[in-house]
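Structural features, examined
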Amino acid sequence: FPEGKVNVIFVLGGPGSGKGTQSALLVKDHGFVHLSAGDLLRAEQAREGSKYGELIAQYIRDGLIVPQEVTVALLEQAIKEEYSKGATNFLIDGFPRKMDQAHTFEDTIAKSKFTLFFECPEAVMLDRLLERGKTSGRADDNVESIKKRFRTFIDTSMPVVDYFDKQGRVVKVNCNQPVDEVYDQVKEALKSKGI
Ligand code: UP5
Ligand code: MG
């Protein structure tokens, strides 16, 4: 993409911290295009003829990070498609969650404006995910997978947040509050970045 033509905000936070919920609100009010890496992976897994279906299913069940080649390609394709329709402002939800992805994306697709980071106690996220698991049909909304997702988040994804934070490129939001109160903080965070 031509330099400065696409604006990217990363939305990071633990499993169940509310990335998808808050992104949906921002889409409604700000006209961002919302791309969830997890949603793109689940769609690719379900796509007939995908050569990555079984691999993605396994990684998601085990709460592990799918090799970046797969995820970055899906994101790039989705961004290109939306860009060709005129979109320029993107919320990239649940990505990058490993250092290699962060470097690849920022070096080859676009440098992010900043990262919106949702802080939430594990116990709260666990309750939310177990509740959602009653109806979500997600293969990873069960206690065993959730524990693995928490571990991966701490070991593999927090280093990405810390890396951006050291560069002064993270805005933190406390998610352990009702949805509309979290959203008030999100709007403040965007305002602080001139959006
Ligand atoms: N809820 C939300 N906000 C609430 C609030 N303030 N108060 C009360 N309830 C609240 O919310 C989760 C649940 O909580 C919902 O029921 C909601 O109503 C309620 P949601 O907005 O869905 O949270 P979110 O952070 O989006 O949770 P999600 O489960 O989607 O997070 P994950 O990061 O675990 O899932 P994701 O889809 O991003 O990734 C899944 C897997 O894909 C990963 O584990 C990994 O295996 C794979 N993956 C990769 O390999 N690479 C990638 O780059 C990305 C994903
Ligand atoms: Mg989500």
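See above for the structure.
Our subject in this report is the structure included herewith. (Residues numbered from 1 in each chain as written. Chains lettered and ligands numbered in written order. Predicted model: local features only at pLDDT ≥ 70, side-chain atom pairs only at ≥ 80, totals over all residues. Heavy atoms only, no water.)

1. So, unusual backbone geometry
This is how it is decided: Going along the chain from the N terminus, every DSSP run of H or I of four or more residues is numbered as a helix, and every run of E of two or more is numbered as a strand.
Of note, the bond from Phe 95 into Pro 96 is cis; its omega dihedral lies within 30 degrees of zero at 0°. Locating Pro 96 in the fold gives a position in the loop between β3 (89–93) and α5 (99–108).

2. Structural notes on the environment of Pro 159
Inclusion rule: The buried label applies to any residue whose accessible area, calculated with a 1.4 Å probe on protein chains only, is under 20% of its type's maximum; exposed applies above 50%, and partly exposed to all values in between. In what follows, a contact means two residues having at least one pair of non-hydrogen atoms within 4.5 Å.
As for its position among the elements, Pro 159 is in helix α7 (residues 143–166). Assessed through its relative accessible area of 32%, Pro 159 is described here as partly exposed. Taking the C-alpha atoms as reference, Pro 159 lies 7.6 Å from Lys 98; in sequence the two are 61 residues apart. The residues contacting Pro 159, other than those within four sequence positions of it, are Met 99 and Ile 154.

3. Notes on the packing of aromatic side chains
Definition in use: Planes of paired rings set the category: under 30 degrees apart is stacked, over 60 is edge-to-face and the rest tilted, where pairs are Phe, Tyr or Trp rings (Trp by its six-membered ring) whose centres lie within 6.5 Å.
Applying the stated rule across the entire model yields six aromatic pairs. Ring geometry for Phe 95 against Phe 105: centres 5.5 Å apart, planes inclined by 65°, an arrangement best described as edge-to-face. Separated by 10 residues along the polypeptide, Phe 95 in the loop between β3 and α5 and Phe 105 in helix α5 bring together distant segments of the chain. Across the pair, Phe 105 and Phe 95 agree in class, each one buried.

4. Quick notes on the site of ligand 1
The test is simple: Distances are taken per atom, and a residue is near a molecule or strand as soon as one of its heavy atoms is within 4 Å of it. The definition of a polar contact used here is a pair of N or O atoms within 3.5 Å, where within protein one atom must be able to donate a hydrogen and the other to accept one, and adjacent residues in sequence count solely through side-chain atom pairs. Exposure was quantified through the Shrake-Rupley algorithm and a 1.4 Å probe, taking into account, for residues, occlusion by the shown protein chains and nothing else.
As a structural note, the neighbourhood of ligand 1 is formed by 33 residues, with Thr 21, Leu 64, Val 66, Arg 132 and Gln 177 the closest of them. Take Gly 18: an N or O atom from its main chain is 3.1 Å from an oxygen atom of ligand 1. Between ligand 1 and Gln 177 there is a distance of 2.7 Å, counted from a nitrogen atom to a backbone nitrogen or oxygen. Relative to its unbound accessible surface of 1,000 Å², ligand 1 loses 85% to contact with the protein. For the shell around ligand 1, the elements supplying multiple residues, two or more each, are α1 (19–30), α2 (37–46), α3 (53–61), α6 (122–136) and α8 (179–192). For the shell around ligand 1, the element with the most residues is α2, which contributes four residues.

5. What about the sheet that holds strand β1 (residues 7–13)?
Applied cut-off: Strands qualify as paired when DSSP identifies two bridges or more between them. Note on definitions: angles span 0 to 180 degrees between N-to-C directions of axes, and those axes are lines fitted to C-alpha atoms, for helices only across the stretch in contact.
In space, the five strands of this open sheet follow the order β2-β3-β1-β4-β5, with parallel pairing throughout. Each having just a single partner strand, β2 (33–36) and β5 (170–174) make up the two edges of the open sheet. Along the sheet, successive strands turn relative to each other by an average axial angle of 20°, direction set aside. Pairing of strand β4 (residues 114–119) with β5 involves five bridges; the strand directions are parallel. From the neighbouring strand, Thr 115 faces β5, where its bridge partner is Val 170.

6. Observations concerning the side chain of Ser 145
With respect to the secondary-structure elements, Ser 145 resides in helix α7. On the basis of relative accessibility, which here comes to 4%, the residue Ser 145 falls in the buried class. Here Ser 145 is in contact with Arg 61, Ala 139 and Asp 140, once residues within four sequence places are set aside.

7. A closer look at the nonpolar core
Buried together is how nonpolar side chains tend to be arranged in soluble globular proteins. The condition that has to hold: In plain words, nonpolar cores are sets of buried Ala, Val, Leu, Ile, Met, Phe, Trp, Tyr and Cys residues tied together by side-chain atoms within 4.5 Å.
Ranked by size, the top nonpolar core spans 25 residues in total, and within it Leu 35, Phe 90, Ile 92, Phe 95 and Phe 105 carry the most contacts. Broken down by secondary-structure element, the contributors of at least two residues to this core are β1, β2, α4 (68–84), β3, α5 and α7. When near neighbours in sequence (up to four residues on either side) are disregarded, Ile 92 contacts Val 8, Ile 9, Phe 10, Val 11, Leu 35, Leu 75 and Ile 79. Judged by nonpolar contacts, the second largest core, of 21 residues, contains Leu 116, Ile 146, Val 182 and Leu 190.

8. Looking at α6
Under the convention used in this document: The span expected for a helix works out to 1.5 Å for each residue beyond the first.
Under the 1.5 Å per step criterion, the end-to-end length of α6 is 19 Å for 15 residues, consistent within 8% with the ideal 21 Å. Looking one or two places after α6, you find Gly 137, whose phi comes out positive at around 75°.

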